[in-house]
Amino acid sequence: VPDEVTIRCNMISPSGTKEIDCETEDDPVWLHAMEYRLTISKILGRVGALWRAALILSLSEQLAKLNDDELNYAIEGDFMEQDFQEVRRGVIEQYDAFAASFLQLGLMGIWSQKPLIDGGEMKKDVLPGIPKGPVFRDVMDAQIDWMTLHPGGSKEFLVKHLAQTFPDFV
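Residues numbered from 1 in each chain as written. Predicted model: local features only at pLDDT ≥ 70, side-chain atom pairs only at ≥ 80, totals over all residues. Heavy atoms only, no water.

Asks: For this particular structure, what's the right way to read the overall build of the protein?
Replies: Broken down by element type, the protein carries six helices and four strands. Its helices and strands taken in sequence order, the protein reads β-β-α-α-β-β-α-α-α-α from the N to the C terminus. Burial status across the protein gives 29% buried among its 170 residues. Within the protein, contacts between residues at least 6 apart in sequence are counted, and of these 61% link residues at least 24 apart. (Helix = DSSP H or I, 4+ residues; strand = E, 2+ residues; numbered from the N terminus. Buried < 20%, exposed > 50% of the residue type's maximum accessible area, 1.4 Å probe, protein only. Contact = heavy atoms within 4.5 Å.)

Printed below as a string of structure tokens:
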């Protein structure tokens, strides 16, 4: 019997930290965070373990571009000179916040996440009417998306979701 991993999701709100039931939570802030999580997971799925190198390369490119850009701009006819170090610090802080969001959203290692339902089980038990080909890939991708949007979600809720999403194959 493999070790089961339990994932607990929490959200900080004005009233304090509350534990989230990721399968049923409908708070708009939570849903937005999970959509962001899905978007970032798609990028991380492409770069995988090289995400740090990709982030540093992107940051380096942004900082190098600053050297080429004009740091003076007009505001209502007055010229205001922006301190180069301040702009640089701002760019670095944005990248730092972006990388911190990976940790906060539990995205480290998501590129190696295995589906809850493998292809054989999907065809045999979950969606027996599913044809081979691109539609099968769409279903498997929908499964990964659901798992990303519902971290720690149960197989039972996933099966219900897939049956509702792809009723023609049930």
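Now that the structure is up, let's keep going.
Asks: Any chance you could explain a nonpolar patch on the surface here in plain terms?
Replies: Taken together, the side chains of Ile43, Val47 and Leu50 present a nonpolar region at the surface, about 260 Å² in accessible area. Position of valine 47 relative to the elements: it lies in helix H1 (residues 28–47). (Patch = residues over 30% accessible without salt bridge, like charges linked within 9 Å, V, L, I, M, F, W, Y side chains within 5 Å. Areas by Shrake-Rupley, 256 points an atom, 1.4 Å probe, with all protein chains shown as cover. Salt bridge = Lys/Arg side-chain N within 4 Å of Asp/Glu carboxyl O.)

Asks: Explain helix H5 (residues 134–149) here, please?
Replies: Since the α-helix packs 3.6 residues into each turn, any two residues three or four apart lie on the same face. Here H5 is 16 residues long and its end C-alpha atoms lie 22 Å apart, about the 22 Å a rise of 1.5 Å per residue gives. For H5, the complete set of buried residues consists of Val139, Met140, Ala142, Gln143, Trp146, Met147, Thr148 and Leu149. Summarising the contacts, the buried residues of H5 are in contact with H1, helix H4 (119–126) and helix H6 (155–165). (Expected span 1.5 Å × (residues − 1).)

Asks: Is there a simple way to explain the layout of surface pockets in this structure?
Replies: Gaps left between atoms show up when a probe the size of a water molecule is rolled over them. Approximately 250 Å³ is the volume attributed to the second largest pocket. As for the second largest pocket, its lining consists of Leu38, Ser41, Lys42, Gly45, Arg46, Ile110, Trp111, Gln113, Asp141, Ile144, Asp145 and Thr148. Per-element accounting of the lining of the second largest pocket gives the leading share, five residues, to H1. (1 Å grid on protein atoms, 1.4 Å probe; cavity = no way out; pocket = protein on both sides within 12 Å on 5 of 7 lines; lining within 4 Å. Points joined across faces, edges and corners; volume = space filled by probe spheres on them.)

Asks: Please explain the packing of aromatic side chains as it appears in this structure.
Replies: To describe a pair of aromatic rings, you give the distance between the ring centres and the angle between the ring planes. Across all of its chains, the model carries three aromatic pairs by this definition. A centroid spacing of 5.1 Å and a plane angle of 70° characterise the contact between tryptophan 51 and phenylalanine 102, whose relative ring orientation is edge-to-face. Here phenylalanine 102 lies in helix H3 (residues 84–104) and tryptophan 51 lies in helix H2 (residues 51–68), a separation of 51 residues in the sequence. Between phenylalanine 166 and phenylalanine 169, the aromatic rings sit 6.3 Å apart at their centres with planes inclined by 20°, giving stacked as the arrangement. Side by side, phenylalanine 166 and phenylalanine 169 carry an identical accessibility label, which is buried. (Phe/Tyr/Trp six-rings, centres within 6.5 Å; stacked < 30°, edge-to-face > 60°.)

Asks: Sorry, what's going on with the pairing of strand E2 (residues 16–20) here?
Replies: Each regular strand displays side chains that alternate between the two surfaces of the sheet. Pairing between strand E1 (residues 9–13) and E2: five bridges, direction antiparallel. Residue asparagine 10 lies in a different strand from E2, and its bridge partner there is glutamate 19. (Pairing = 2+ DSSP bridges.)

Asks: Honestly, the packing of H1 against H3 in this entry has me stumped. Any pointers?
Replies: Between two packed helices, what matters for the description is the angle formed by their axes and the separation of those axes. Two numbers describe how H1 lies on H3: the axes approach to 11 Å, and their chain directions differ by 100°. It follows that H1 is roughly perpendicular to H3 by the angle criterion. Between H1 and H3, the residues in contact are Tyr36, Ile40 and Leu44 and Phe98, Ser101 and Phe102, respectively. Considering only residue class, the contact of H1 with H3 consists of five nonpolar, one polar and no charged. (Axes fitted to C-alpha atoms, helices over the stretch in contact; angles between N-to-C directions. Parallel < 35°, antiparallel > 145°, perpendicular 65-115°, else oblique. Nonpolar A, V, L, I, M, F, W, Y, C, P; charged D, E, K, R; others polar.)

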